[in-house]
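# Working through the structure, step by step
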Amino acid sequence: MTTALSDPLLRPSPDRLAADLRALEALTRPDRPYTRRAFSDEDRAARQWLAGRMAEARLVPTVDAAGNQIGRRAGRDAASALMVGSHLDTVEAGGRFDGIAGVLAGLEVARCLDAGGHRLRHPLEVVNFTCEEASDFGLSTIGSRAMSGKLDAATAAQLRNRDGRTLAEAIDSVGGRAADLGAARRAPGDPLRYLELHIEQSASLDRAQVPFGVVTAIAAPSRYRVEVRGRQDHAGGTPMGDRRDAAAAAAEVVLLVERVAREAGRGMVGTVGVVETRPNMVNVIPGEADLLVDFRGIEPEAIADTLARFESGTAAIGARRGVAIEWTSLMRDAPLTVSSDMVGMAEDAARAVGAPWRRLTSGASHDANHVARLCPIGLLFIPCRDGRSHCPEEWAEVEHLATGARVMLELLLRLDRDLA
Ligand code: GLV
Ligand code: MN
Ligand code: MN
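Here's what I pulled together on the structure shown here. (Residues numbered from 1 in each chain as written. Chains lettered and ligands numbered in written order. Predicted model: local features only at pLDDT ≥ 70, side-chain atom pairs only at ≥ 80, totals over all residues. Heavy atoms only, no water.)

### Remarks on the coordination of the manganese ion (ligand 3)
Using the following cut-off: Here the term donor refers to an N, O or S atom within 2.8 Å of the metal (or 3.2 Å for Na, K and Ca), and because water is left out of the atoms, sites may appear incomplete. Here a strand is any run of E in DSSP of at least two residues, a helix any run of H or I of at least four, and the numbering for each starts at the N terminus. The buried label goes to any residue with under 20% of its type's maximum accessible area, the exposed label to any with over 50%, and the partly exposed label to all in between, with areas taken from a 1.4 Å probe on protein chains only.
Listed as protein donors to the manganese ion (ligand 3) are Asp 98 (OD), Glu 133 (OE), Glu 133 (OE) and His 390 (NE2); their distances from the metal cover 2.0 to 2.7 Å. In this structure, the manganese ion (ligand 3) is positioned 3.6 Å from the manganese ion (ligand 2), and both are ligated by Asp 98. Note that Asp 98 is positioned in the loop between strand E3 (82–86) and helix H3 (100–115) and His 390 in the loop between strand E15 (377–382) and helix H12 (398–418), a separation of 292 residues in sequence. On the basis of relative accessible area, Asp 98 is assigned to the buried category, the value being 5%. The exposure class assigned to His 390 is partly exposed, which follows from its relative accessible area of 42%.

This is the structure we're talking about:
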């Protein structure tokens, strides 16, 4: 077996990681575990907690203009940083590991380097990215988007949630400086490499009982808002043939999403996660329905075909039912192929520390998709039970998290040694 560079250092500790997981698990909305939506009081509490842990690990904690929380450790002689990270925000009633695993693994790696007295040649940055999950502003991966130059101050000032709050105000509320959002933007090559450890969020590692995965490609979301406008009428007095029911048309849109994704094959998936009808009363035919639609895929052609079929399909439903259906594209992110160099180095690192692994793809999207505009990235997976995620039952074994952190530490040391 190749010698592991990480052997002289402290091993990532399941006990420390378990204590961190417990601390973060408590920072949830109490009535709806595990909810820590971006820009909420719970998010601010988690950030404060992390700043404390970063300082203990002798990382210098800062917050960039996008609100990304960055703990930095100086390097010995190289200028560009190696970055590791993920996110601490969750979906509504989400889990305790999605994103959290990656931030904690980064923190633990920094602790091992510190306790082992090992200074890397390159600076190390451990990042908690702002709002990776879907937000009320119609955008996700906000921090990594800003870091990679795909979100500007004008857009942040324009996007509003239902309460009329702007994304800019939300970013400022977690310590960012949205008016100067461009300052969060990094130049290509800064960071030099980015590593993100994450739970798989699908079941292949868990089923195969393999503790570690090296990701070769990452799917990307394309999202739409769909507005269905029919006619509000009396539920008793309006014969079935005279209705322009927005909810019935919306139901057809939901089934259209399912059908076009299923028929596309090639790993495409489609979801309607939000359906709202108005006036939402039992004795009133809904005049309006609003939907949020999410498609994911890895093959650009499959994505393009699916989106085209969806867009034309909504028009056909509207024409047949006599309702207006308008869609707005909210995001159309690009899927990512991980460089074979990074895949190979991650596999070498797994081999060196004796962790069995397999190659896989990611159906979920990640901050890594955006950081990839700046530098080669590595996405490292650990199993989660039954592949469940974005739900309170989400679970990963802390031993797997420690193994993942160990491979990440080894990979980091190899990158530090080999890169200029
Ligand atoms: C993030 O969890 C996403 O893939 O939506
Ligand atoms: Mn995540
Ligand atoms: Mn998520």
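### Some thoughts on the sheet that holds strand E12 (residues 324–332)
In plain terms, the rule: Whether two strands pair comes down to DSSP finding at least two bridges between them. Angles run from 0 to 180 degrees between N-to-C directions of axes, and those axes are lines fitted to C-alpha atoms, restricted for helices to the stretch in contact. When checking whether two residues touch, look at their non-hydrogen atoms; a contact exists if any pair is within 4.5 Å.
Here we have 4 strands laid out as an open sheet, ordered E9-E11-E7-E12, and antiparallel in their pairing. The sheet terminates laterally at strand E9 (269–278) and E12, the two strands that pair on one side only. Averaged over neighbouring strand pairs, the angle between their axes works out to 15° when direction is ignored. Its contacts with the sheet put helix H8 (residues 246–264) on strand E7 (220–229), E9, strand E11 (288–297) and E12, and the angle it makes with E11 is roughly 5°. Running at roughly 160° to E12, helix H9 (residues 300–321) makes contact with E7, E11 and E12 of the sheet.

### Overview of the coordination of the manganese ion (ligand 2)
For the manganese ion (ligand 2), the full set of protein donor atoms is His 87 (NE2), Asp 98 (OD) and His 198 (NE2), and the range of their distances to it is 2.0 to 2.2 Å. Each donor residue of the manganese ion (ligand 2) lies on one chain, and together they are spaced H-x10-D-x99-H. On the basis of relative accessibility, which here comes to 1%, the residue His 198 falls in the buried class.

### A word on unusual backbone geometry
Residue Pro 33 is joined to Tyr 34 through a cis peptide bond whose omega torsion reads -5°. Within the secondary structure, Tyr 34 is located in the loop between helix H1 (14–25) and helix H2 (41–56). Between Asp 190 and Pro 191 the backbone carries a cis peptide bond, its omega angle lying at 5°. Phi at Phe 39 is positive, roughly 75°, even though this residue is not glycine.

### Re the site of ligand 1
Put simply, the rule reads: One heavy atom within 4 Å of a molecule or strand makes the whole residue count as near it. For this analysis, a polar contact is any N or O atom pair within 3.5 Å, provided that within protein one partner can donate a hydrogen and the other can accept it, and provided that sequence-adjacent residues contribute only side-chain to side-chain pairs. The accessible surface values rely on the Shrake-Rupley method and a 1.4 Å probe; as for residues, cover is taken only from the protein chains in view. Gly is placed with the polar residues, together with every amino acid not listed as nonpolar (Ala, Val, Leu, Ile, Met, Phe, Trp, Tyr, Cys and Pro) or charged (Asp, Glu, Lys and Arg).
Taken together, the neighbourhood of ligand 1 is formed by Asp 98, Glu 132, Glu 133, Arg 223, Arg 296, Ala 364, Ser 365 and His 390. Measuring from an oxygen atom of ligand 1, one finds a side-chain N or O atom of Glu 133 at 3.0 Å. Contacts to ligand 1 include His 390, whose side-chain N or O atom sits 3.0 Å from an oxygen atom. Within the complex, the protein chains bury 94% of what would otherwise be the 200 Å² of accessible surface of ligand 1. Of the residues belonging to the shell around ligand 1, the class tally is 1 nonpolar, 2 polar and 5 charged.

### Section: the packing of aromatic side chains
Basically, it comes down to this: In this scheme Phe, Tyr and Trp rings, the latter by its six-membered ring, pair at centre separations within 6.5 Å, and the angle between planes marks the pair as stacked below 30 degrees, edge-to-face above 60, and tilted otherwise.
A complete count under the given rule lists 7 aromatic pairs for this structure. Look at Tyr 224 and Phe 295: their rings are 6.4 Å apart centre to centre, the planes differ by 85°, and that puts the pair in the edge-to-face class. One end of the pair, Tyr 224, is in strand E7; the other, Phe 295, is in strand E11, with 71 residues separating them in the sequence. Classification of Phe 295 by relative accessible area gives buried; the value is 1%. Between the aromatic rings of Tyr 224 and Phe 310, the centroid separation amounts to 4.8 Å while the plane-to-plane angle is 50°, which identifies the pairing as tilted. Placement of Tyr 224 in strand E7 and of Phe 310 in helix H9 is noted, with a sequence separation of 86 residues between them. When sorted by exposure, Tyr 224 lands in the same class as Phe 310, which is buried. Here a set of aromatic residues connected by ring pairs shows up, and it is made of Tyr 224, Phe 295, Phe 310 and Trp 327.

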